[in-house]
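# Structural features, examined
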Amino acid sequence: MQVHLTVNGIKADLDLPPNTLLVQALREHLQLTGTHVGCDTAQCGACTVILNGHAVKSCNMLAAQADGADITTIEGLAQADGTLHPMQAAFKDCHGLQCGFCTPGMVMSAVDLCRHTPNASEEQIRALLDGNICRCTGYQNIVRAVQQGAAAMAAGA
Amino acid sequence: MGASDFAGLPHIGEAVRRKEDYRFLTGAGQYTDDINLAHQRHAVFVRSPHAHAAIKSIDTSRAAAMPGVARVFTGQDVEGKMGGLPCGWLITSTDGTPMKEPPHPILAQGKVRYVGDHVAMVVADTLEQAKNAAEAVEVEYDVLPAVVDVRDAAKGSALHEVAPDNHCYKWALGDKAQTDAAFANAAHVTRLDLVNNRLIPNALEPRAAIGAYSRATDEYTLYVANQNPHVERLLMTAFVLGLPEHKVRVIAPDVGGGFGSKIYLYAEDVCLTWAARQLNCAIKWTAERSESFLSDAHGRDHVSHAEMAMDKDGKFLAMRVHTDANLGAYLSTFSTAIPTILYGTLLAGQYATPQVYVEVDAWFTNTAPVDAYRGAGRPEATYLLERLVSRCGWDMGLSQAEIRRRNFITQFPYQTPVALQYDIGDYHACIDQAEQLSEAAGFAARRQASEAKGLLRGIGYSSYIEACGLAPSNIAGALGARAGLFECGEVRVHPTGSVTVFTGSHSHGQGHETTFAQVVAARLGIEVDAVEVVHGDTGRVPFGMGTYGSRSLSVGGAAIMKALDKIEAKAKKIAAHLMEASDADIDFVKGEFIVRGTDKKVPFGQVALTAYVPHNYPLETLEPGLNETAFYDPTNFTYPAGTYICEVEIDPATGVTRVDRFTAVDDFGTIINPMIVEGQVHGGIAQGIGQALMENCVYDRDSGQLLSGSFMDYTMPRADDFPQFRLGHVCTPCTHNPLGSKGCGEAGAIGSPPAVINAVLDALRPLGVQDFDMPATPHRVWEALQSARKAAQA
C-alpha cells in the first residue's frame, strides 16, 4: 500500500506491505538505521521518534497509521551543518550515553519531554523517562543531560 | 615509564568528552543489524518449546517448499561436519577427575535440553519468509521430565549421558583440616543460607550476526555483536569448523552493550558462517528480545551455605562455604570458571581471615546456559561474604562498620588462604570516606524521620574486593584455562605525527576510543584528537583477547603502553641522529626530544616525518617507519576494592522498597578519565540494585518454561528506580602494571547487591525478619513482614 511520510523534512512516498511497522519503514525502506529495535513488547523505547510533535514508539504502530505524518528521527535532530541539537550536545557533555544503543530513543524522548514539560523537576524527569530503558548508564548522567539540555533549549527558544 | 610518572602526564585524570559520541548521538553508529550486505538472505532459528525432550522426527519438507526459502538446516545437516561449541576452562574435581564435558551441538542432535535450544535454521530471501517457514517446520517431540532448580538437579532426569546424576564437577579450594580445626575452637559461629538469583543480562542491543562468504577468495566474514572477535574466530575456526584462521575475518562493529553475554561463541554465529558457504550468500540474523531472553547466556544462580568462625571479639578465624552452582543445560564458553576460579578465590574479601575453605558442586539443569555476567563470580562471592559479615556484626553486637574495620587486611602484599595475592589497597580509607559521603552519622535521625512517616529505614554496608585484569596466562593455564589471557596493542605513528592505535580490547560502551587516546596523547605529547583507536576487527587488529573482567585498561592499555615504550625508544634514536647526539642523552618531554643539558630539541612530529622520509636517517642501523606492536601478559590480577553504603526506606503496608541514598567509594588505582569511570560505576550500581530489588529470572519449576521472558515480565531498572548516587575515590595505584590502574567496569555490580539487602534486613530485623533473599520485590518484602508478624504472634 502507498504510505506518504515526511521524514526529517523530506517527503517519502513508500509502497509497503500493509503489516509494515513504522520502525521497519524507517530502518529498512528509508535506511534510517539510527532508530533502533531493542525489544518486541514496546517497552525499551530505543525506537522512539517524534511524530507530529509527540514522541512515539515506532515499533508500536504501523507505517500505515503514520500516513501523512511529519516525523523526526535522530538523524534529523542536528542542524544541516552538523551542529548538534542542544539535547544531543548535553548528552555528550554529561556523558549521558555509553554503548549508544538506547541513545537515539532516549534523546528523542528527552526532546519531547522538554517541549511538553519545560520546567520538569528531577523527579518528573525520572518519571517521564519511564518508557526508555538504558542498561549502561544507571540513568544518572541521562537525567543530568536532560536538565542541561532543557536549560539550553529554553535559552535558545 | 613508571606508573607514578604516567599519572602526572597531561590528559591523565581529565574528563575528556568522548570521541565516539557524535556518531551515536546522530544515529550514525553502525551496529550489526544496521549492516546490510549485497544479496543477503535472512535466517530464523526454530527453537525448542520444551525444556527437555527427545526429538522423534523433524519434517522440513513443507517449510522448504515455501516461497523464498533457500534451505532449512537441521542437526542432521551439521552432524559430522563440525564440532560442538567448546568450553574454554577445564575444571578438575576434588577426586582428580576432569569435569563432565558433554557435547554442545550447533543444532540439536536427537534431544533438546532447554526452552530455546536450537533445532533448525531456516534461510530465506526475506525475514518474513524465513519466519513463516520456521513455523512450518514440523518437529515431533517426546517430552521428558525437566529439572530447573539446582537443588533438584541430583534427583532429576539426566540431561547428558556423560553426567547421569547431572553433576558436572566438585571443586574445592582452601585447607579443610585447618578450617575445621579453627571452627572447633571458635567462640561463636555465624551461619547463613542464601540464594544468588539468576539474572538475564539484557544488553539493549539484541545479539545479531551476519555470516558472509566469497567464492572468489574463499574467505569468510562474520559480523557479530561480540566482545572479543579474535577469541570468537579462534574458537570457531580451530574447535568447531576446522577452517584456517587467516580465511576468516570477524568484525564486531558498534556493539550495544555486552555485560558478559557477548563474550561467548554461540551456535547461531557458527551456523550463519558455515551456511554462508553452503548457500554462497550472506545470511543475517538478529535476535528478537524474546529470543535473547531464552538463548543469551544467563548469570549467577547459586545456592549457598556459609559459616564464619569468630573469637569472642568478632575477629574472623575461619570461613566455610558450600555452593551449588547451576550451569544450565550446556557448558557455555567460560561457564565452568565462574563459580570456581572467579568465585572461590575471592571469598577472603577484604578480611584477614586466616582460613577459608570452599566447596562447589556444579550441576546441569534444563535451563539456558549460565556464564559470566557483569562481575562473573565476584558478585556471587561478595554477596555471600558481605551478607555473612553484616550478620556476624549483628550476632556479635557490633555495627556493620565495626565488624569490618576489626577484620580488614592492612598489610600488603597480602597472601589470602584462597590463592590470590593482593598487591595493594587501603580498605580503612574507603570505608572512612564512604561513611563521610553517606553521612552515616546522621542515619539514626533519618530513621526517626522515616518512622514518623510510618516507614522503615535501614542502612547496609558492603566492602567488596574483586580480581580484574585477567590474568597471568601461566597461572590461568595451571588453573585450567584453555586460552592465553594477554592483550595486544599496535601503535602506528603516521608521517604527519598523528597516530592510529589498534587494540585487542573491544569497546561496547566503555569509551576506549577516548580513554586509550588519552593514554597515547599523554605519552607522545600530542592532542587527544590526533589519536584514532581501532578495535573489533580481526582484519585490522593484530590479535586480541577482548573485553571482559574489567581488563581493557589494565591489560589492553598496558599493551599500548609497551608499544609506546618501543615507539619512544626508536624515536629517540631518530632524534639523536637528527641532533647528532647519543641516544642515551635524549630525553622525551612533553612531545619534544631534547639533548639533555642543552637547548637542542626536535618535536615529535619532525621525528615522525623523518621516520617516513628518511633522507637524513641512520639507514644502516635503523629501519624506517614508526609502527610498533606489543603483547602484554600481566604478572598478577589487579584488585579494585571499595565500600558501598545503601539506605533504603520501606513502606510496611505495601512492601515497596526505595533506595533513598547510595554511596560508593572505590579504589581503581590510577584513573585516566574520571567521567567515564563514574559512568561505569553508575551503570554497575544500577545493575546491582536491579538484582537486589527487582530483576529475577524465573523458570517454572516443573515444566522448565521461562516465565520471565520479556520486558513485561522481567523487571528492568528504570530512571525512577534510583536516587543520585554519591561517588568517591581512593587511589592506591596497582603495583604491577605500567598505568597503575585496576579496572572499574564491574565494581558497581559486585559491591551493590549486599549493600542493598543488608539495608533491607537492617530495616526489617526489628520486626523479626532474620533473612531475606533477592530480589526484594514489594510482594516478597510484604510476605516476609507478614510471616514475621505471624511468627511473633504464635
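Residues numbered from 1 in each chain as written. Chains lettered and ligands numbered in written order. Predicted model: local features only at pLDDT ≥ 70, side-chain atom pairs only at ≥ 80, totals over all residues.

## Quick notes on the overall build of chain A
A tally of regular secondary structure across chain A gives five helices and five strands. Traced from its N-terminal end to its C-terminal end, chain A shows the element sequence β-β-α-β-β-β-α-α-α-α. The C-alpha atoms of chain A give a radius of gyration of 15 Å, which matches the 15 Å a tight globule of 157 residues would have. Overall size of chain A, expressed as C-alpha extent along the three principal axes, is 45 × 30 × 25 Å. In chain A, which comprises 157 residues, the share counted as buried stands at 56%. (Helix = DSSP H or I, 4+ residues; strand = E, 2+ residues; numbered from the N terminus. Rg over C-alpha atoms; globule rule 2.2 N^0.38 Å. Buried ≥ 20, exposed ≤ 12 C-beta atoms within 10 Å, placed from the backbone.)

## A short note on the overall build of chain B
Assigned secondary structure in chain B consists of 20 helices and 28 strands. Against the globule reference of 28 Å for 794 residues, chain B gives a C-alpha radius of gyration of 27 Å, in line with a compact fold. In terms of overall dimensions, chain B has C-alpha extents of about 95 × 70 × 50 Å along its principal axes. Across the 794 residues that make up chain B, the buried fraction comes to 58%. Nonlocal contacts in chain B, meaning residues at least 24 apart in sequence, comprise 80% of its contacts between residues at least 6 apart. (Contact = placed C-beta atoms within 7 Å.)

## Looking at the packing of helix α7 (residues 229-241) of chain B against helix α8 (residues 267-279) of chain B
All names here are of chain B. Contact pair α7 / α8: the axes reach a minimum separation of 11 Å and the direction vectors enclose 70°. By the angle between their axes, α7 is roughly perpendicular relative to α8. Our pair here, α7 against α8, has a crossing hand that is right-handed. Between α7 and α8, the residues in contact are Glu232, Met236, Val240 and Leu241 and Asp269, Val270, Thr273 and Trp274, respectively. Taken together, the residues of the contact of α7 with α8 sort by class into five nonpolar, one polar and two charged. (Axes fitted to C-alpha atoms, helices over the stretch in contact; angles between N-to-C directions. Parallel < 35°, antiparallel > 145°, perpendicular 65-115°, else oblique. Left-handed = near helix turned anticlockwise from the far one by under 90°. Nonpolar A, V, L, I, M, F, W, Y, C, P; charged D, E, K, R; others polar.)

## Comments concerning the interface of chain A and chain B
The parts lose accessible area when they come together, and the size of an interface is often stated as this lost area. Counting from both sides, the interface comprises 43 residues of chain A and, opposite them, 41 residues of chain B. Of the residues contributing to the side of chain A that touches chain B, the split by class is 21 nonpolar, 15 polar and seven charged.

## What to know about the nonpolar core
Residue and element names in this part refer to chain B. In terms of nonpolar packing, the biggest core is built from 305 residues, with Val122, Val520 and Val756 touching the most fellow members. Here this core gets 13 residues from one element, more than from any other, and that element is helix α16 (residues 552-578). Apart from the residues lying within four places of it in its own chain, the contact partners of valine 756 are Gly460, Cys646, Val648, Val659, Ile689, Ala692 and Leu693. (Core = buried A, V, L, I, M, F, W, Y, C linked by C-beta atoms within 7 Å.)

## A look at the domain arrangement of chain B
Residues and elements named next belong to chain B. With domains assigned, chain B is organised as domain 1 (3-8 + 486-632), domain 2 (32-144 + 206-255 + 262-295) and domain 3 (302-471 + 636-793). One C-alpha centre belongs to domain 1, the other to domain 2; they are set 40 Å apart. Tallied by class, residues from the side of domain 1 that touches domain 2 come to three nonpolar, nine polar and one charged. (Domains from an automatic or database assignment.)

## As for the sheet that holds strand β18 (residues 456-465) of chain B
Residue and element names in this part refer to chain B. What the four strands build is an open sheet, ordered β18-β26-β27-β28; its pairing is mixed. Looking at the sheet topology across the chains shown, the edges are occupied by β18 and β28 (725-730). Neighbour-to-neighbour, the strand axes of this sheet turn through a mean angle of 15°, independent of strand direction. Sheet analysis places β18 next to strand β26 (residues 641-650), joined by 10 bridges and oriented antiparallel. (Pairing = 2+ DSSP bridges.)

## Brief notes about unusual backbone geometry
Following B:Phe412, the chain continues into B:Pro413 via a peptide bond in cis, with omega recorded as -5°. Looking at where B:Pro413 falls in the secondary structure, it is placed in the loop between α11 (400-405) and β16 (414-415). Although it is not a glycine, A:Asn8 sits at a positive phi angle of roughly 50°. As for its position among the elements, A:Asn8 is in the loop between β1 (2-7) and β2 (10-15). A tally of 17 C-beta atoms within 10 Å means that A:Asn8 is categorised as partly exposed. Of note, B:Ala419 is a non-glycine position whose phi angle comes to about 85°, a positive value.

## What about the environment of B:Thr32?
Looking at where B:Thr32 falls in the secondary structure, it is placed in the loop between α2 (21-25) and β1 (40-47). Ignoring any residue separated from it by four or fewer positions in sequence, one finds B:Thr32 in contact with B:Ala208, B:Ala209, B:Ile210, B:Tyr223, B:Val224, B:Ala225 and B:Pro253.

## Points about the sheet that holds strand β25 (residues 627-632) of chain B
Residues and elements named next belong to chain B. The four strands lie next to each other as β21-β20-β19-β25, forming an open sheet whose pairing is mixed. In this open sheet, the two edge strands, each paired with only one partner strand, are β21 (531-534) and β25. For this sheet, the mean inter-axis angle between neighbouring strands, taken without regard to orientation, is 15°. Note that strand β20 (residues 499-503) and β21 share four bridges and pair parallel. Considered in β21, the bridge of threonine 500 is made with glutamate 532. α16 rests against β19 (487-493), β20 and β25 of the sheet, and its axis sits at about 40° to β19.

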